[in-house]
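The residues making up each chain are set out below.
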Amino acid sequence: MYLNSRNSSGGQPETDGKGTPFRVLFVCLGNICRSPAAEILFNAAVQHAGAQGRIAADSCGTASYHIGSKPDSRMLAALQRAGYAWGGHRARQFCQADFEQFDLIIPQDESNRADILHLARTAEQKAKVIPMSRWFPADAADREVPDPYYGGEAGFDHVVQLLEHATAALVQDIEQHRH
């Protein structure tokens, strides 16, 4: 797993010596539903774990449809129902520089993963791309984060629940590799 890419001599991920945290990028299609939700939930899990300053996150989309937009109001409502608040993120598009700026790039579905891998120029860049499903529970029915955009409220709530578990597991995974 790529988490071992930025290691100290003891094999644990660490900051780069300049205080730069381990950086995670969540990616979906438009950056208005799944990836900003993953970013919000991941940041809450980082805070819960007391890992602020050691782990940081951002999100983006593979498409340019919504650049500059805030997350979908239905996703914000689902997050609010679960007790989370929007932090002001605005949609942006994935770019080549993201491969250098992030330690881990997490696409929400196979289509997003294929799009990112198509842009990767090196084996190291490809190794950074790990699907969100890696952190799903073993008994999860979903094999990727479903896109709730064309569905109703229940779909958004389902994505929040799925990502809540997966992002907490991801933070735990990162922290275990730190110690």
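Nothing here was measured: the structure is a model prediction, and the numbers come from that model. (Residues numbered from 1 in each chain as written. Predicted model: local features only at pLDDT ≥ 70, side-chain atom pairs only at ≥ 80, totals over all residues. Heavy atoms only, no water.)

**Quick notes on the pairing of strand E3 (residues 104–107)**
Each regular strand displays side chains that alternate between the two surfaces of the sheet. Formally: Exposure classes here rest on a 1.4 Å probe applied to the protein chains alone. A residue is buried below 20% of its type maximum, exposed above 50%, and partly exposed in between. The way it works is that DSSP assigns letters per residue, a run of H or I at least four long becomes a helix, a run of E at least two long becomes a strand, and they are numbered from the N terminus. Whether two strands pair depends on DSSP finding at least two bridges between them.
Here E3 shows a buried face lined by Leu 104 and Ile 106 and a second buried face lined by Ile 105 and Pro 107. Bridge count for strand E1 (residues 22–28) against E3 is four bridges, and the pairing is parallel. Bridge assignment links Phe 26 to a residue of E3, and that residue is Ile 106.

**Some details on the packing of helix H2 (residues 73–81) against helix H6 (residues 153–178)**
For any two helices packed against each other, one specifies the inter-axial angle together with the distance between the axes. Under the convention used in this document: Think of each axis as a best-fit line through the C-alpha atoms, taken over the contacting stretch in the case of a helix, with angles from 0 to 180 degrees between the N-to-C directions. Should an angle lie under 35 degrees it is considered roughly parallel, over 145 roughly antiparallel, and from 65 to 115 roughly perpendicular; all remaining angles are considered oblique. In a left-handed crossing the near helix is turned counterclockwise from the far helix by less than a right angle, and in a right-handed crossing that turn is clockwise. Contacts: residue pairs with any heavy atoms within 4.5 Å of one another.
Look at H2 against H6: their axes get within 9 Å of each other, and the N-to-C directions meet at 55°. On the basis of their axis angle, the class for H2 and H6 is oblique. The crossing of H2 and H6 is right-handed. Across the interface between the two elements, Arg 74, Met 75, Ala 78, Leu 79 and Arg 81 of H2 pack against Glu 153, Phe 156, Asp 157, Val 159 and Val 160 of H6.

**Considerations on the sheet that holds strand E2 (residues 55–61)**
The strand order across the open sheet formed by three strands is E2-E1-E3, and the pairing between neighbours is parallel. The open sheet is flanked by E2 and E3, the only strands paired with a single partner. If you compare each strand with its neighbour and ignore which way they point, the axes differ by 20° on average. Taken together, the seven bridges between E1 and E2 define a ladder with parallel strand orientation. Counterpart to Phe 22 in the pairing with E2 is Ile 55. Against the sheet, helix H4 (residues 110–119) engages E1 and E3, with an angle of about 140° to E3.

**With respect to the pairing of E2**
Going by this rule: Seen with its strands pointing away from the viewer, a crossover is right-handed if its path from the first strand over the helix to the second goes clockwise.
Burial within E2 is extensive, with six of its seven residues counted as buried. Considered for its hand, the β-α-β crossover made up of E1, helix H1 (residues 34–48) and E2 is right-handed.

**A few points about the pattern of salt bridges**
Opposite charge on two side chains makes pairing possible when the charged atoms of those side chains draw close. Put simply, the rule reads: A pairing counts as a salt bridge when a side-chain nitrogen of Lys or Arg comes within 4 Å of a carboxyl oxygen of Asp or Glu.
As enumerated under the stated definition, the model contains ten salt bridges in all. With a closest N to O distance of 2.6 Å, Glu 175 and Arg 54 form a salt bridge. Of this pair, Glu 175 sits in helix H6 while Arg 54 sits in the loop between H1 and E2, placing them 121 residues apart in sequence. For Arg 54, a relative accessible area of 25% corresponds to the partly exposed category. Salt-bridge contacts for Arg 134 lead to Asp 173; the nearest nitrogen and oxygen are separated by 3.6 Å.

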